[in-house]
Amino acid sequence: MSAAKRRNAGFTLPELLVVLSIVGLLLATGIPSFRSYLQAQQVVSAASQFVFALNLARSEAIERGTRVDLVPRDGNNWHNGWAVYQPDDASAPPRWHDGAALIHSHPALPSQLKVAARLSDRSAAYIAYNGNGRNRTHASASARQWGSWQFSLHEHVRLVRITLAGRVRMCNPTDDSSCSFSEMTETADNP
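A. Region of interest: the overall build of the protein chain. Secondary structure summary: the protein chain contains 2 helices and 9 strands in total. Relative to its full complement of 191 residues, the protein chain shows a buried share of 37%. The contacts in the protein chain between residues at least 6 apart in sequence include a share of 54% that link residues at least 24 apart. Of the roughly 10,800 Å² of accessible surface on the protein chain, 55% is carried by carbon and sulfur atoms.

Here's what the structure looks like:
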């Protein structure tokens, strides 16, 4: 191989440094937006899994013809996961325990993801459904339990709402002016 061919076979040091600088700049600008995208997807995923659990609790209540509850696994904090179960004692406080018929369980959320809840019955953290699929309070089959859960991670937020009529909705407060977590003012006609 001639000396001229060997010189043209690779990159020179200045060329390699320019390419590495460009790659570095692209990564520096792309990583924060990719991180933001991943955070948004974590929030959407957690809220969607919660909507699934609400819908599962309702459909299982209808299928079994009895009360089914959705509660935090630890009894207080939705961030620590949730459980859908059939209570063995309808008069006991809504709290999952090992003896109850577990239908579905969700593990704890990532530590940086936050969950806040505002429910009409503040005596405990739960949603209960009758055998006819209607949401109810623990104390009364005819009184409705409704409210909102806010899933957030940095600037990314999703709200899961269950209305007085029992409809479940997930929304983005950033894009939807009717999607608010500020107050518990719900009517049967409001989504």
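B. Molecular detail of the sheet that holds strand β9 (residues 168-171). Strand order in this open sheet of 4 strands is β4-β7-β8-β9, and the pairing throughout is antiparallel. Strands at the two margins of the open sheet, each flanked by one partner only, are β4 (114-119) and β9. Each strand axis lies, on average, 15 degrees off the axis of its neighbour in the sheet, ignoring direction. Summarising the sheet, strand β7 (residues 147-153) and strand β8 (residues 156-162) pair through 7 bridges and their orientation is antiparallel. Bridge pairing in β8 links Q150 to L159.

C. Geometry of the environment of F52. Mapped onto the elements, F52 comes out in helix α2 (residues 13-64). Under the relative-accessibility criterion, F52 is labelled partly exposed at 46%. When the C-alpha positions of F52 and V168 are compared, they lie 9.8 Å apart, and in sequence the two are 116 residues distant.

D. Quick look at the pattern of salt bridges. Applying the stated rule across the entire model yields 3 salt bridges. D69 is paired through a salt bridge with R67; the nearest N and O atoms lie 2.8 Å apart. The closest approach of N and O atoms between R169 and D176, which form a salt bridge, is 2.2 Å.

The rules behind these values
Residues numbered from 1 in each chain as written. Predicted model: local features only at pLDDT ≥ 70, side-chain atom pairs only at ≥ 80, totals over all residues. Heavy atoms only, no water. Helix = DSSP H or I, 4+ residues; strand = E, 2+ residues; numbered from the N terminus. Buried < 20%, exposed > 50% of the residue type's maximum accessible area, 1.4 Å probe, protein only. Contact = heavy atoms within 4.5 Å. Areas by Shrake-Rupley, 256 points an atom, 1.4 Å probe, with all protein chains shown as cover. Pairing = 2+ DSSP bridges. Axes fitted to C-alpha atoms, helices over the stretch in contact; angles between N-to-C directions. Salt bridge = Lys/Arg side-chain N within 4 Å of Asp/Glu carboxyl O.

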